[in-house]
Amino acid sequence: MNEATRFIHTLGADPLTGAISVPIYQTSTFVQEAPGINRGFDYSRSNNPTRRQLEKLLAELENGCAGFAFSSGLAAIDSVLKTLSSGDEILAVEDIYGGSFRMFEHVYRKFGIRIRYVDTQEPANVFDHINAKTKLVWLETPTNPTLKITDIESISLIAKEYGALVVVDNTFLSPYLQKPLDLGADIVVHSATKYLAGHSDVIAGAVIVKDEELAEKIKFHQNASGAVLGPFDSWLTIRGIQTLPLRITKQCENAKKVAEFLHGHPLVKNVYYPGLEGHKNHKVAKRQQRDFGGVVSFDFKEDLHEHGRRFVCSTKYFQLAESLGGLKSLICHPTDMTHKSTPVEIKRKVGVTDSLIRLSLGIEDADDLILDLKQAFEVVEQHKKSVLASR
Ligand SMILES: *Cc1c(COP(=O)(O)O)cnc(C)c1O
């Protein structure tokens, strides 16, 4: 079965009724014949038939042994951190998602988990910092918002030498574009809020693991902490996943066209898109991904906060909002939005300049999107001229 077909046909019809759409089991509990005698379900925090179908689909698509659905991406990430003990260390990608950083630093550090951050674009940096206490190597590839790429396979080899597990936050690409477990990683996490569900209408998260032992641990914490995905949100996520190959193919196409347009624009300095041949890790991206993804970032030659702000307020189809991966194109000014609480030194280090803009491409017509960007550049240009004239 080819990949796009797997997205559609992994889940068969409902065995009870033949329903072609997975039924929504909106129930908290299940009637038992006698104490402890049930049909595999006793309470929906522990197990729910709709959620179980989603979990089966997630496991299949990531080529894992089991999947788990959570009430958000951060709840999913939290369940992985709960497998650690005081004294353990995490070696993490330096431009990690802000919410993961907040959890690492402000929740887990006080329980005695040590976290260090390195630039994982160079596997040698991981090699230099890993040690016997390192239990997790935490990767995101590409990173947010400057789309740095990490070689999952090389880093997995290093981690294995030290008995550390490799976790990949695969939110930015989805299992259609990248399968970290096939590249040697042990655990995949997702904010299913983004590409998996794909319609900007649900908050959801997922963990997929490569073996039974890890499955038991995550299952335990999912039930023990209880941040499960509800039946209706599980159904929305299943519905979204089935069209993922179609959506993301179009999003990648749009991203490529927009990146090429931006690349030649006279006001633009850097364009961050792993699909451009000039991108630092283009070769690694090409090797480990099916395509280059639907997110593009860029900044201005004249790095003024005002330019970024004016630009994001001037687009018509690119809606100004946090998040990514939905049908509608989104635009964001990271320095004031996703990275507002990031210290200035770190922003500088990872490339979040004052004028940096992140685009999440939707499935609109690429020509319309490019026209939209053109007119926003004109607004910035007009403003520059009026400032000069008033001097
Ligand atoms: C959004 C996001 C998260 C957090 O997911 P939520 O569903 O918002 O809790 C984690 N990692 C990445 C890369 C994200 O973009």
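Structure: above.
Worth saying up front: this structure is predicted, and the values here are computed from it rather than measured. (Residues numbered from 1 in each chain as written. Predicted model: local features only at pLDDT ≥ 70, side-chain atom pairs only at ≥ 80, totals over all residues. Heavy atoms only, no water.)

Caption draft 1: Spotlight on the packing of aromatic side chains. Taken as a whole and judged by the stated rule, the model has 14 aromatic pairs. Centre to centre, the rings of Phe298 and Phe300 are 5.9 Å apart; their planes meet at 55°, and the pair counts as tilted. Ring centres 5.5 Å apart and planes at 80° place the aromatic pair Phe298 and Phe311 in the edge-to-face group. Separated by 13 residues along the polypeptide, Phe298 in strand S9 (residues 295-300) and Phe311 in helix H12 (residues 305-312) bring together distant segments of the chain. By relative accessible area, which is 0% here, Phe298 ends up buried. (Phe/Tyr/Trp six-rings, centres within 6.5 Å; stacked < 30°, edge-to-face > 60°. Helix = DSSP H or I, 4+ residues; strand = E, 2+ residues; numbered from the N terminus. Buried < 20%, exposed > 50% of the residue type's maximum accessible area, 1.4 Å probe, protein only.)

Caption draft 2: Structural detail: the site of the ligand. Taken together, Ser72, Gly73, Leu74, Ile77, Tyr97, Asp169, Thr171, Phe172, Ser191, Thr193, Lys194 and Ala204 make up the full set of residues adjacent to the ligand. Within the side chain of Ser191, an N or O atom sits 2.8 Å from an oxygen atom of the ligand. Starting from 380 Å² of accessible surface for the ligand in isolation, the protein chains cover 92%. Here the shell around the ligand takes three residues from helix H3 (residues 73-81), the largest share from any one element. Along the lines of polarity and charge, the residues of the shell around the ligand split into five nonpolar, five polar and two charged. (Near = heavy atom within 4 Å. Polar contact = N/O pair within 3.5 Å; in protein donor to acceptor, adjacent residues only side chain to side chain. Areas by Shrake-Rupley, 256 points an atom, 1.4 Å probe, with all protein chains shown as cover. Nonpolar A, V, L, I, M, F, W, Y, C, P; charged D, E, K, R; others polar.)

Caption draft 3: Focus on the sheet that holds strand S6 (residues 187-191). With mixed pairing, the seven strands of this open sheet are ordered in space as S1-S7-S6-S5-S4-S2-S3. The outermost strands of the open sheet, each flanked by one partner alone, are strand S1 (66-70) and strand S3 (114-118). Neighbour-to-neighbour, the strand axes of the sheet open up by a mean angle of 20°, direction not taken into account. Its contacts with the sheet place helix H4 (residues 98-108) against strand S2 (89-93), S3 and strand S4 (134-140), and it is angled at close to 140° to S3. (Pairing = 2+ DSSP bridges. Axes fitted to C-alpha atoms, helices over the stretch in contact; angles between N-to-C directions. Contact = heavy atoms within 4.5 Å.)

Function-wise, these values are silent; they only describe arrangement.
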